[in-house]
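A structural walkthrough
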Amino acid sequence: MTLSAIQSQLLTACKAAKRDPSGVTLIAVSKVQLPERVRAVLAEGHRIYGENYVQEAVAKWPDFRAEFGGIQLHMIGPLQTNKAKPAVELFDAIHTLDRPSLATKLANLAQSRGQSPEIFIQINIGAEPQKAGVLPDDADAFIASARALDLPIRGLMCIPPEGEDSRPHFAALAGMAARNGLSGLSMGMSSDFEAAIAAGATHIRVGSAIFGERRYE
Ligand SMILES: *Cc1c(COP(=O)(O)O)cnc(C)c1O
């Protein structure tokens with residue numbers, strides 16, 4: 001797969017769903033990819049990237065930013081509270097707000113900096129014991145408390161349980177966002193982004209389908 005193949009699948013999925021493609025942001029997930037691969041996708045003109053690890057992103061993106069203009073970075077991995085400061089300094093959006101202590105930390109940083117990345121709240125949509133995210137039953141209260149801290153809550157994010165049909169989970173997340181008046185829906189990865197678009201995704205996070213398989217050391 002290549003960037004252009006994914007872009008054309010995105011267009012096809014939007015057409016099928018009768019959606020305007022400008023309402024779907026393609027986040028190219030570049031975690032643990034070789035710099036040459038990332039550079040190649042930058043050279044093709046793509047400017048919106050997702051990373052999972054603050055340390056890796058801080059090491060990699062300032063140089064790319066200096067070389068290529070207009071880069072937008074999304075934090076999509078679990079965020080430790082003690083990494084919140086470098087994260088808000090680097091990222092334009094954080095998709096993984098999932099607990100009160102992190103909300104407080106992000107709100108304090110927003111206060112002192114006078115600005116904040118856009119925030120998505122991660123929902124543990126399958127209520128899986130091992131997975132990060134706010135439990136569905138707690139979502140409405142958590143959203144309200146994050147808003148009360150004046151955080152710019154853009155929407156909700158989820159990673160459906162592996163090996164299950166993603167569609168009911170995408171529909172559940174969309175319903176939760178709608179009833180809370182949130183327009184952003186960060187959902188859909190390499191294997192299910194078309195279904196996510198059909199369910200209303202505004203941000204799809206596609207890694208291996210653009211860059212190839214990831215190799216962890
Ligand atoms: C790695 C990752 C992705 C991209 O996964 P692919 O299956 O390679 O598209 C998307 N979202 C999150 C949260 C990830 O950690």
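Everything that follows concerns the structure shown earlier in this document.
All of these numbers come straight from a predicted model, not from anything done at the bench.

**Digging into the overall build of the chain**
Per the secondary structure count, the chain includes 9 helices and 8 strands. Dimensions of the chain, computed from C-alpha atoms along their principal axes, come out at roughly 40 × 40 × 35 Å. Residues classed as buried in the chain amount to 48% of the 217 residues present. Across the chain, the fraction of contacts at a sequence separation of at least 24, relative to all contacts at a separation of at least 6, is 58%. One way to put it: in the chain the 22 positive side-chain charges average out to a point 3 Å from where the 23 negative ones average out.

**Some words on the site of the ligand**
Around the ligand sit 13 residues in total, of which Lys31, Asn52, Ser190, Ser208 and Arg214 are the nearest. Side-chain polar atom of lysine 31 to an oxygen atom of the ligand: 2.8 Å apart, as the coordinates give it. One of the backbone N or O atoms of serine 208 is found 2.7 Å from an oxygen atom in the ligand. Contact with the protein chains hides 89% of the accessible area of the ligand, taken as 390 Å² for the molecule alone. Looking at the shell around the ligand, its residues break down into 6 nonpolar, 4 polar and 3 charged.

**Considerations on the pairing of strand S6 (residues 153-158)**
Along S6, 5 of the 6 residues are buried, which leaves the element largely enclosed by surrounding structure. As defined by bridge partners, strand S5 (residues 118-123) adjoins S6 across 5 bridges and the pair is classed as parallel. Counterpart to isoleucine 119 in the pairing with S6 is isoleucine 153. Read from S5 through helix H6 (residues 139-148) to S6, the crossover connection turns out right-handed. For S6 and strand S7 (residues 184-186), the ladder comprises 3 bridges, and the chain directions are parallel. Note that in S7 the partner of leucine 156 across the bridge is leucine 185. Taking the sense of rotation as the criterion, the β-α-β connection linking S6, helix H7 (residues 167-179) and S7 turns out right-handed.

**Here's the deal with the packing of helix H2 (residues 35-43) against helix H3 (residues 54-67)**
The geometry of H2 relative to H3 is characterised by a closest axis approach of 12 Å and an angle of 30 degrees between their N-to-C directions. Taken as axis vectors, H2 and H3 run roughly parallel relative to one another. For the crossing formed where H2 meets H3, the hand is right-handed. In this structure, H2 contributes Pro35, Val38, Arg39 and Leu42 to the contact, and H3 contributes Trp61, Phe64 and Glu67. Taken together, the residues of the contact of H2 with H3 sort by class into 5 nonpolar, no polar and 2 charged.

**Section: unusual backbone geometry**
You will see that lysine 18, though not glycine, has its phi angle at about 55 degrees, which is positive. Relative to the assigned elements, lysine 18 resides in the loop between helix H1 (3-16) and strand S1 (25-29).

**Section: the packing of aromatic side chains**
Per the counting criterion, the structure on display carries 3 aromatic pairs. Ring pairing ties together the aromatic residues Tyr49, Trp61, Phe64 and Phe68, which thus form one cluster.

**Overview of the pattern of salt bridges**
Using the criterion set out here, one finds 10 salt bridges in the structure. As a salt-bridge pair, arginine 167 and aspartate 165 come within 3.0 Å of each other at their nearest N and O atoms. Among the residues examined, aspartate 165 registers a relative accessible area of 39% and is labelled partly exposed. Each of the salt bridges in this network shares a partner with another, and the network as a whole consists of Glu51, Glu56 and Lys60.

**A few points about the environment of alanine 93**
Relative to the helices and strands, alanine 93 is located in strand S4 (residues 93-97). Relative accessible area serves as the criterion here: at 1%, alanine 93 is assigned to the buried category. Considered as a pair, alanine 93 and serine 116 are 23 residues apart in the sequence and their alpha carbons are 8.4 Å apart. Discounting residues that sit within four places of it in the chain, alanine 93 has contacts with Leu73, His74, Met75, Pro117 and Glu118.

The rules behind these values
- Residue indices follow the written sequence of each chain, beginning from 1 at its first position.
- Where local features are concerned, this predicted model is filtered to residues with pLDDT of at least 70; where side-chain atom pairs are given and counted, the filter is 80 or more; whole-chain, interface and lining totals use all residues.
- Think of the side-chain values as coming from all heavy atoms in the structure, minus any hydrogens and water.
- Where helices and strands are cited, they refer to DSSP runs of H or I of at least four residues and of E of at least two residues respectively, numbered from the N terminus.
- Under the scheme applied here, a residue whose accessible area is under 20% of the maximum for its type counts as buried, over 50% as exposed, and between as partly exposed, the area being computed with a 1.4 Å probe on protein chains only.
- Working rule for contacts: check all heavy atoms of both residues, and any pair within 4.5 Å makes them a contact.
- Under the convention used here, Asp and Glu are negative, Lys and Arg are positive, and both His and the chain ends fall outside the count.
- For charged residues, the charge sits on one atom: NZ in Lys, CZ in Arg, CG in Asp, CD in Glu.
- Note on definitions. A residue lies near a molecule or strand when any single heavy atom of the residue is within 4 Å of it.
- What qualifies as a polar contact is a pair of N or O atoms within 3.5 Å, subject to a donor-acceptor requirement within protein and to the restriction that residues adjacent in sequence count only when both atoms come from side chains.
- The accessible surface values rely on the Shrake-Rupley method and a 1.4 Å probe; as for residues, cover is taken only from the protein chains in view.
- Classes in brief: Ala, Val, Leu, Ile, Met, Phe, Trp, Tyr, Cys and Pro nonpolar; Asp, Glu, Lys and Arg charged; the others, Gly included, polar.
- By this definition, two strands are paired if DSSP reports at least two bridges between them.
- Convention used here: a crossover is right-handed provided that the path from the first strand, over the helix, to the second strand proceeds clockwise when the strands point away from the viewer.
- Where helices are involved, their axes are fitted lines through C-alpha atoms of the stretch in contact, as for all axes, and angles between N-to-C directions lie from 0 to 180°.
- Orientation labels follow simple angle bins: below 35 degrees gives roughly parallel, above 145 gives roughly antiparallel, 65 to 115 gives roughly perpendicular, and whatever is left gives oblique.
- Helix crossings fall into two classes, left-handed where the near helix is turned counterclockwise from the far one by less than a right angle and right-handed where it is turned clockwise.
- Planes of paired rings set the category: under 30 degrees apart is stacked, over 60 is edge-to-face and the rest tilted, where pairs are Phe, Tyr or Trp rings (Trp by its six-membered ring) whose centres lie within 6.5 Å.
- By definition here, a salt bridge exists when the distance from a side-chain nitrogen of Lys or Arg to a carboxyl oxygen of Asp or Glu is within 4 Å.

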